[in-house]
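# Secondary and tertiary structure notes
Residue strings, one per chain:
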Amino acid sequence: MIDADDVRRIALSLPESAEKEAWNMPTFRVAGKMYVTVPDDETSIAVRCPRYEREELIAAEPEKFWVPPHEAGSAWVRVRLAALEDLAELRDVLVDSWRQAAPDRLRDAHPELVPGSGASSPS
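Residues numbered from 1 in each chain as written. Predicted model: local features only at pLDDT ≥ 70, side-chain atom pairs only at ≥ 80, totals over all residues. Heavy atoms only, no water.

As annotated in an unreviewed UniProt entry, the protein carries the name MmcQ/YjbR family DNA-binding protein and is attributed to Streptomyces taklimakanensis.

Written as structure tokens, this is what we have:
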């Protein structure tokens, strides 16, 4: 079963990622910009997701993705860890969020880091 330790391991394997506690929970940042949080119960994560894509994502897989009412105005989506197929899918979710937060110089330096590439996948 995928858990918060898997999230931490994969997130910290991404270039210039660092863990920082905020709001009494682990958050992960790239070049200082947050791209994933692990809420208290550690059964889900919050990742960056453009609002225009979020509704389609939730409609397609409501068992996997949702937005709590207090985050409705944000560009984030929650992901239920137990609903993910495997570590490769978790990696894809984290890479996608990392790419949204990473500065151009990092995205340009790491073109192999795209969802579905399997590159730099931790074992």
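That was the structure; now back to the text.
## Focus on the side chain of Glu89
Definition in use: Runs of H or I in DSSP of at least four residues are treated as helices and runs of E of at least two as strands, each being numbered from the N terminus. Residues are treated as being in contact if the distance between any of their heavy atoms lies within 4.5 Å.
In this fold, Glu89 is placed in helix H3 (residues 87-101). With near-sequence residues (within four places) excluded, Glu89 lies in contact with Lys64 and Leu84.

## Regarding the pairing of strand S6 (residues 76-80)
This is how it is decided: Classification of residues uses two cut-offs on accessible area relative to the type maximum, computed with a 1.4 Å probe and protein chains only: under 20% is buried, over 50% is exposed, and between them is partly exposed. At least two bridges found by DSSP between two strands are what make those strands a pair.
Buried residues dominate S6, accounting for four of its five residues. Pairing of strand S4 (residues 44-48) with S6 involves five bridges; the strand directions are antiparallel. Bridge pairing in S6 links Arg48 to Trp76. In this structure, strand S5 (residues 65-66) lies alongside S6, joined through two bridges in antiparallel fashion. The partner of Phe65 across the bridge, within S6, is Val79.

## Quick word on H3
Quick reminder of the rule: In a helix, the anticipated span is given by 1.5 Å times the number of residues less one. Two N or O atoms count as a polar contact when they lie within 3.5 Å, although within protein this holds only if one can serve as hydrogen donor and the other as acceptor, and sequence-adjacent residues are included solely when both atoms are side-chain atoms.
Here H3 contains 15 residues, and its C-alpha end-to-end distance of 21 Å stays within 8% of the 21 Å for a straight helix at 1.5 Å per residue. Of the residues making up H3, those classed as buried are Glu89, Leu90, Arg91, Val93, Leu94, Val95, Ser97, Trp98 and Ala101. At the N-terminal boundary of H3, the capping side chain belongs to Asp86, with an oxygen 3.1 Å from the backbone nitrogen of Ala88.

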